[in-house]
Amino acid sequence: MASALTAERVRQDVDVVARAGLELETFLEEAMASVRRAVPWVSACVGTHDPSTHMLTSARKYGDMQGSDAHDHEFALIEYGMVEETAFTELARTGTDAAGVHLVTGGEVERSARMAQFMKPHFGFGDEARLAFRDGSDLWGALAVFRGTDDAPFDRAEVDFLASLAVPFARGVKTGLLSRSADLLPPVDGGGPAVIIVGRDDQVTQMTPAAEAWLGELVHATGHCDPISPVAALIGAARRYGRGETAVPPRCRLRTVSGMWLVLQAGPLSSFRERDGDVVITIEEARPPEIVALVVAAFGLTVRERDVTQLVLQGVDTKEMASRLHLSAYTVQDHLKSVFDKAGVRSRRELIARIYFDQYVPRMGGELAPSGWYA
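Only a predicted model underlies this, so the values are computations on that prediction, with no experimental measurement involved.

Our next topic: the packing of aromatic side chains. The tally for this structure, following the rule as stated, stands at six aromatic pairs. Each ring, one from Phe 27 and one from Phe 169, has its centre 5.6 Å from the other, and the planes form 65°; the classification is edge-to-face. Residue Phe 27 is found in helix 2 (residues 24-38), and its partner Phe 169 is found in helix 8 (residues 166-177); the two are separated by 142 residues along the sequence. Like Phe 169, Phe 27 is buried. Each member of the aromatic cluster is reached from another via a ring pair, and the members are Phe 75, Phe 118, Phe 123, Phe 125 and Phe 146. Above the plane of the ring of Trp 41 lies Arg 36, whose end atom (NZ or CZ) is 4.0 Å from the centre. Just above the ring of Phe 88 sits the side chain of Arg 130; from NZ or CZ to the centre is 3.7 Å.

Right under this line is the structure:
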């Protein structure tokens, strides 16, 4: 662990860039470079997640792992297809901000299936520490940093330091998520529904032209993991659902390189839960309420502020808001002011544009009105 002075400077640096309104790629590059000064690592991987379902939506690599993408599919299957204490979904479920495998296993790193079956054989790593980008119950992303077998394992002070960065990283990812509008590009036309069928060996057996076209939209820049990783994560999670280990089929909302939002869902192909049968994955353009819910969550609004925002999007005036919410008009105005501050706008019109038009309408044209559809 670096000195206390260095650690505090790094913490401040991450907080500053998290508040700077940077695009996601820039924020993560600067934040990870800062973290490395306080908690040295040889390799790192950072993923973004759907805050509601905790499923992977994108991933990036730094250090020695960068450019090594051949096993990304396998990693996603392991990460989301089995449960262990340091899995990203478990960190989110248990409210744990950071954890180190060496610390959790009492030095028996091989007790982690992920380390024993994947990290050590493929990369020779000796230890891994993880940080969940948590803001309340929402998981906006997570990072994993690695050290070699000849390096000292991550100690308690380093893991505690990582935990102190949970909220700043969540803030930076949320800001980056909203940092750009969708490009004015024509919609992908693959002809018909977008469906992928995955066999018992977790390999794709069938794919519609539309699905192939959408997967092409997931290709990212140098340094990103294999763009198929979110799909592999859904396959692993669908296996758990098929075994009855989870109650809800996995799904995620993710953004393509052109800025279009998609919803991916996975589940057993058969009408009953078959332990190791085929898995079907569907891909479709996200409906406006799906996007609005995500954007509003990124603002960090309270429950009451979300109620007020919903009514704004429905075109309800202050007096009617007060009546529906059983509040005074002055209280409604206070809530509106707080919403405006968090969203970085000055009026209801700007709020509607920030939530709705900036994120969705550029790809759809002007067909939809801003009221009556938010649910």
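Next comes the rest of the write-up.
In this section: the pattern of salt bridges. Applying the stated criterion across every chain, the model contains 27 salt bridges. For Glu 320, the salt bridge goes to Arg 324, with nearest N and O atoms at 3.1 Å. Here Arg 324 and Glu 320 lie together in helix 13 (residues 318-325), a separation of four residues that amounts to about one turn. Each of Glu 79, Glu 84, Arg 114, Glu 128 and Arg 130 takes part in one network of salt bridges that share partners.

Turning our eyes to something else, we now look at the nonpolar core. Core analysis: the largest hydrophobic core is formed by 64 residues, its most contacted members being Met 32, Leu 131, Val 145 and Phe 169. Among residues more than four places away in sequence, those in contact with Val 145 are Met 32, Trp 41, Ser 43, Ala 44, Asp 127, Glu 128, Ala 129, Phe 154 and Leu 162. Counting 45 residues, the second-largest nonpolar core is a separate cluster that includes Ala 76, Leu 77, Phe 118 and Ile 281.

Moving on, we come to the pairing of strand 1 (residues 43-49). Buried residues dominate strand 1, accounting for seven of its seven residues. Burial of strand 1 is two-sided: the residues Ser 43, Cys 45, Gly 47 and His 49 facing one way and the residues Ala 44, Val 46 and Thr 48 facing the other way are all buried. The pairing of strand 1 with strand 2 (residues 56-63) spans seven bridges and is classified as antiparallel. Within the sheet, the bridge partner assigned to Val 46 lies in strand 2 and is Arg 60. Connecting strand 1 to the next strand, strand 2, in antiparallel fashion are six residues, including His 54 with a positive phi near 65°. Judged from the six bridges that link them, strand 1 and strand 5 (residues 138-148) form a sheet pairing that is antiparallel.

If you trace the backbone, Thr 86 turns up in the loop between helix 3 (72-81) and helix 4 (88-94). On the basis of relative accessibility, which here comes to 4%, the residue Thr 86 falls in the buried class. Polar side-chain contacts of Thr 86 include one of 2.8 Å to the side chain of Arg 114.

Parameters at a glance
- Throughout, residues of each chain are indexed from 1 in the direction in which the sequence is written.
- Only residues with pLDDT of at least 70 are given local features in this predicted model, and only at 80 or more are side-chain atom pairs given and counted; all residues enter the totals for whole chains, interfaces and linings.
- The basis for every side-chain value is the complete set of non-hydrogen atoms in the structure, without hydrogens or water.
- Pairing of aromatic side chains requires ring centres within 6.5 Å, counting the rings of Phe and Tyr and the six-membered ring of Trp. Pairs whose planes differ by under 30 degrees are stacked, by over 60 edge-to-face, and all others tilted.
- Only DSSP runs of H or I covering at least 4 residues are called helices, and only runs of E covering at least 2 are called strands; the numbering of each starts at the N terminus.
- For every residue, the accessible area obtained with a 1.4 Å probe (protein chains only) is divided by the maximum for its type, and the residue is called buried under 20%, exposed over 50%, and partly exposed between those limits.
- Criterion for a charge above a ring: Arg CZ or Lys NZ at most 6 Å from the ring centre, at most 35 degrees from the ring normal.
- Criterion for a salt bridge: a side-chain nitrogen of Lys or Arg within 4 Å of a carboxyl oxygen of Asp or Glu.
- Think of a nonpolar core as a cluster: buried Ala, Val, Leu, Ile, Met, Phe, Trp, Tyr and Cys residues, connected wherever their side-chain atoms sit within 4.5 Å.
- Here a residue-residue contact requires only that any non-hydrogen atoms of the pair lie within 4.5 Å.
- Pairs of strands are assigned from DSSP output, requiring at least two bridges between the strands.
- Polar contact criterion, stated in full: a pair of N or O atoms within 3.5 Å, where within protein one must be able to donate a hydrogen and the other to accept it, and residues adjacent in sequence count only if both atoms are side-chain atoms.

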